[in-house]
Amino acid sequence: MKKILFILLIFLARNCFAAIWLPSVISDNMVLQRDAAVTIWGWTTETIEPITVTGSWNHVAVTENAYQGKWSVQLTTPEAGGPYVVTIEGHETITLSNVLIGEVWIASGQSNMEWSASRGINNAQEEINHANYPNIRLFQVPKYQSPNPQDNTPGQWTECRPETMKDFSAVAYFFGRKLHKELNVPIGLINASWGGTRAEVWFNAKRVISDSNFFEAEKHFTENKWHSSQPGYMYNGMIAPLIPFRIAGAIWYQGEANRFKPQAYPGTMESLIQNWREEWGYDFSFYFVQIAPFNYKEKDAGVLIREAQLKTFKKVPNTGMVVVSDIGDINNIHPQNKQDVGKRLASWALAKNYGFTDVAFCGPVYQQVKREGEEMLVYFDYANDGLVNKGEELTEFEICGPDSIFLKAQARIDGNTVRVWNSEIRNPLAVRFGWDNIAEPNLFNLAGLPTSSFRTDNWKIEMEKNKE
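Computed from a prediction, not measured in an experiment: that's the story for all the values here. Note that residues are indexed from 1 along each chain, following the sequence as it is written. Residues qualify for local features only when their pLDDT is at least 70, as the model is predicted, and side-chain atom pairs are given and counted only at 80 or more; totals for whole chains, interfaces and linings, by contrast, use all residues. Excluding hydrogens and water, the side-chain values take into account all heavy atoms of the structure.

1. Re the overall build of the protein
For the protein, the count of helices and strands is 11 helices and 24 strands. For the protein, the C-alpha radius of gyration of 25 Å lies close to 23 Å, the compact-globule estimate for 468 residues. Expressed along its principal axes, the backbone C-alpha trace of the protein runs to roughly 105 × 45 × 35 Å. In what follows, residue pairs with any heavy atoms lying within 4.5 Å of each other are defined as contacts. The long-range share in the protein, meaning contacts at least 24 apart out of those at least 6 apart in sequence, stands at 74%. Residue-level accessible areas treat just the shown protein chains as cover; the underlying method is Shrake-Rupley with a 1.4 Å probe. Total accessible area on the protein is roughly 20,600 Å²; 49% of this is exposed by carbon and sulfur atoms. Counted as positive: Lys and Arg. Counted as negative: Asp and Glu. His and the chain ends are not counted at all. A single reference atom marks each charge: NZ on Lys, CZ on Arg, CG on Asp, CD on Glu. A distance of 3 Å separates the average location of the 44 positive side-chain charges in the protein from that of its 52 negative side-chain charges. Strands here are runs of E lasting at least two residues and helices are runs of H or I lasting at least four, both read from the DSSP assignment and numbered beginning at the N terminus. For this measure, only C-alpha atoms enter the radius of gyration; the expected value for a globule follows 2.2 Å times N^0.38, where N is the number of residues.

2. What to know about the sheet that holds strand S22 (residues 430-433)
Strand order in the open sheet formed by 4 strands is S19-S18-S22-S24, with antiparallel pairing between adjacent strands. Each edge of the open sheet carries a strand with a single partner, namely strand S19 (407-408) and strand S24 (454-455). Paired strands are those between which DSSP finds at least two bridges. Two strands pair when backbone bridges link them, and strand S18 (residues 397-400) and S19 are joined in this way by 2 bridges, in the antiparallel orientation. Looking at the pairing, Ile 399 lines up with Leu 407 of S19.

3. Here's the deal with the nonpolar core
Generally speaking, soluble globular proteins have nonpolar side chains that are buried together. Trp 276 and Phe 397 are the most contacted members of the largest nonpolar core, which totals 135 residues. Considering each element in turn, this core owes the most residues, 9 residues, to strand S8 (residues 93-109). Once you skip the residues sitting within four places of it in the chain, Phe 397 turns out to touch Leu 407, Lys 408, Ala 409, Ala 411, Val 418, Val 420, Val 431, Arg 432, Phe 433, Leu 443 and Phe 454. Residues belong to a common nonpolar core when they are buried Ala, Val, Leu, Ile, Met, Phe, Trp, Tyr or Cys residues joined through side-chain atoms within 4.5 Å. To sort residues, take the accessible area from a 1.4 Å probe on protein chains only and compare it with the maximum for the residue type: under 20% means buried, over 50% means exposed, and anything in between is partly exposed.

4. Considering helix H11 (residues 339-352)
Here the expected length of a helix is defined as 1.5 Å per residue gap, with one fewer gap than residues. Counted at 1.5 Å a residue, the expected span for H11 with its 14 residues is 20 Å, and the 20 Å between its end C-alpha atoms agrees. Of all 14 residues in H11, 11 are buried, a share of seventy percent or more. Listed as buried for H11 are Gln 339, Val 341, Gly 342, Arg 344, Leu 345, Ala 346, Ser 347, Trp 348, Ala 349, Leu 350 and Ala 351.

5. Side note on the side chain of Asn 204
For Asn 204, the location among the structural elements is in the loop between strand S11 (187-193) and helix H6 (205-208). Among the residues examined, Asn 204 registers a relative accessible area of 17% and is labelled buried. Contacts described as polar in this section are N or O atom pairs within 3.5 Å, which, within protein, must combine one atom able to donate a hydrogen with one able to accept it, while residues neighboring in sequence count only if both atoms come from side chains. Polar contacts involving the side chain of Asn 204 include one to the side chain of Glu 279, which spans 3.2 Å. For Asn 204, the residues in contact, after removing those within four places along its chain, are Tyr 235, Asn 275 and Glu 279.

From the geometry alone we can't say anything about function, so treat these as descriptive.
Listed below in structure tokens is the structure:
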């Protein structure tokens with residue numbers, strides 16, 4: 001009798017404490033990437049256990065054995081639709097409801113990506129009141145930093161409503177809203193951003209310390225009271241728990257915190273993009289915002305970061321860059337026009353990911369320069385239909401001769417090129433455009449997208465110390 005009772009107690013204890021659980025990003029109301037093999041994963045108290053996952057869109061059951069308490073199953077998703085149900089079965093059953101199939105994007109960076117309507121944007125209350133899009137789903141990753149990669153993060157998928165949109169990333173929301181309206185499919189947005197953070201905290205620390213730029217850049221960063229500046233800490237706490245949740249791509253708005261060592265930023269950004277793609281296991285699209293004009297204390301800090309971002313865009317495949325020199329605020333590091341930032345990011349996705357061939361997605365980008373007598377002729381990509389200036393004359397062009405001293409230049413549009421000159425310079429050598437932290441130049445393509453700042457020289461520029 002005692003033996004039977006003992007066995008019964010063991011059986012009851014095992015069943016009372018046995019459990020199957022999921023990461024928070026896999027839950028009710030989630031959006032799964034359409035037309036893809038998506039991973040559903042989790043944990044079980046059983047060391048070895050068969051786990052079966054079924055999606056109601058095709059009722060195909062997929063079974064894999066859990067190993068050492070962890071399990072992972074891949075489901076094939078259909079074209080966009082829903083709501084569906086996902087069922088996970090082992091020694092217990094979990095049912096996930098109100099699941100949609102559509103496009104999933106992750107948004108990350110520092111404060112301009114974190115910035116929400118409730119903190120202040122153009123037409124904030126009107127935007128909040130009209131944010132009723134039940135087929136746009138939002139997942140807010142709570143701020144968390146860690147020296148070690150985390151398996152999970154708190155959070156939940158919610159339908160986009162005024163009360164959920166108002167504290168969510170405004171840039172991500174406007175990006176997702178544009179995609180939703182144009183594609184007419186569900187959109188899932190995951191926001192993992194934190195104001196004031198430098199890029200190095202957002203990717204795997206093992207990758208950071210292998211970057212030759214890191215050690216020099218590290219000398220210029222100090223800890224602050226709001227968060228750690230240690231490499232990998234936000235990746236560990238806020239990005240690692242999301243992997244391998246299938247995404248279509250990433251949008252990124254960051255750079256201000258790296259202005260103290262801008263020369264290292266191209267390598268840093270390249271490493272970050274490569275690391276995320278390696279961690280997820282595929283080369284997804286990565287679209288980012290070039291930082292806006294702002295009156296930084298450090299001379300050239302802002303424009304050098306913009307140059308670094310331009311270099312990243314030119315070098316790293318499947319990336320896109322949004323220029324915002326026309327919608328910034330030189331006296332506010334958090335410009336209030338987040339609508340156009342989101343729309344311009346969405347234009348990259350619509351053109352490159354979704355085949356919208358009639359969507360303009362990039363402003364003019366410096367290609368090359370040729371000397372013609374006493375003038376310099378500047379050529380651009382993304383200007384095949386021509387260039388325009390908004391104003392009586394082109395602004396923010398500079399030119400220099402052999403003395404390397406840049407003077408204000410005159411400039412005029414010549415088809416899809418720009419002629420630049422200064423009557424005092426007989427032997428022009430180099431051109432710079434928008435070369436100032438607060439430059440708001442007026443050169444656009446016919447689609448109304450602004451030209452990125454650039455320079456035709458590659459001379460070393462030493463940043464001046466902070467103004468007193």
